[in-house]
Amino acid sequence: QVQLVESGGGLVQAGGSLRLSCAASGRTFNSYNMGWFRQAPGKEREFVAAISWNGGRTKYADSVKGRFTISRDNTVFLQMSSLKPEDTAVYYCAADASTGVLRVTMYEYDYWGQGTQVTVSS
């Protein structure tokens, strides 16, 4: 069992930066691939970024490539720069109990955090 808790969300102006954190508990956390997803009001939850269990592989949605960076140590981070109003959403951390291909579909992830709100003003 893995428990995930996100933090670091808030209100920021367009062009600004935020760093999200995902604290995980559970002794198997370090063997899981991890992902970030987001959900804007009235929209489906969408993939943002993923990182392999050892940090050696990453994957990004086209919409955030070059602006967001995912990393991990004992915590999973999402560094967000050059933020745009369309990045406004609740951001969720997720754990995939596998060490294979980095997944981009929410249904393939096994554990979820409660989410943290990110609001980007224009």
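For the structure itself, look to the data block above.
Described below are features of the structure shown in this document. By convention here, each chain's residues receive numbers from 1 onward along its written sequence. Local features in this predicted model are restricted to residues whose pLDDT is 70 or higher, and side-chain atom pairs enter the listing and the counts only when it is 80 or higher, whereas totals over whole chains, interfaces and linings include all residues. The side-chain values count all of the structure's non-hydrogen atoms but skip hydrogen atoms and water molecules.

**Looking at the packing of aromatic side chains**
The condition is simple: Think of it this way: a Phe, Tyr or Trp ring, Trp meaning its six-membered ring, pairs with another when their centres are within 6.5 Å, and the plane angle makes it stacked under 30 degrees, edge-to-face over 60, tilted otherwise. Helix numbers and strand numbers start at the N terminus; a helix is a DSSP run of H or I with at least 4 residues, a strand a run of E with at least 2. Throughout, exposure labels follow a simple rule: accessible area from a 1.4 Å probe, protein chains only, divided by the maximum for the residue type, with under 20% read as buried, over 50% as exposed, and the rest as partly exposed.
Throughout the structure, instances matching the rule amount to six aromatic pairs. Each ring, one from Tyr32 and one from Tyr111, has its centre 6.1 Å from the other, and the planes form 5 degrees; the classification is stacked. Of the two residues, Tyr32 is situated in the loop between β3 (18-25) and β4 (33-39) and Tyr111 in strand β10 (residues 111-112); the sequence distance between them amounts to 79 residues. Given a relative accessible area of 19%, Tyr111 falls into the buried group. Between Phe37 and Phe47, the ring centres sit 5.7 Å apart and the planes meet at 75 degrees, which makes this aromatic pair edge-to-face.

**Brief notes about the sheet that holds strand β1 (residues 3-7)**
Going by this rule: When DSSP finds two or more bridges between a pair of strands, those strands are recorded as paired. Axes here mean lines fitted to C-alpha atoms, for a helix over just the part in contact, with angles spanning 0 to 180 degrees between N-to-C directions.
Spatial ordering of the open sheet is given by β1-β3-β8-β7, a layout of four strands whose pairing is antiparallel. At either end of the open sheet lies a strand with only one pairing partner, and these are β1 and β7 (68-72). Adjacent strand axes in the sheet meet at a mean angle of 15 degrees, parallel and antiparallel pairs treated alike. Looking at chain direction, β3 and strand β8 (residues 75-80) are connected through six bridges and run antiparallel. Across the sheet, the residue bridging to Cys22 is Val76, located in β8.

**Remarks on the pairing of β8**
Counting buried positions over the six residues of β8 gives five, a clear majority of the element. Examined bridge by bridge, β7 and β8 share five bridges and lie antiparallel to one another. Residue pairing across strands places Ile70 opposite Leu78, the latter belonging to β8. Turn length for the β7-β8 hairpin, with the two strands adjacent in sequence and antiparallel, is two residues.

**A look at the pattern of salt bridges**
Applicable threshold: Think of a salt bridge as a Lys or Arg side-chain nitrogen and an Asp or Glu carboxyl oxygen that are within 4 Å of each other.
Counting across every chain of the model gives six salt bridges. For the salt bridge of Asp62 with Lys65, the shortest nitrogen-to-oxygen distance reads 3.1 Å. A salt bridge links Asp87 to Arg67; its shortest N-O distance comes to 2.8 Å. Within this pair, whereas Asp87 is found in the loop between β8 and β9 (89-96), its partner Arg67 is found in the loop between β6 (58-60) and β7, the two being separated by 20 residues in sequence. Comparing Asp87 with Arg67, the two get one shared label, buried.

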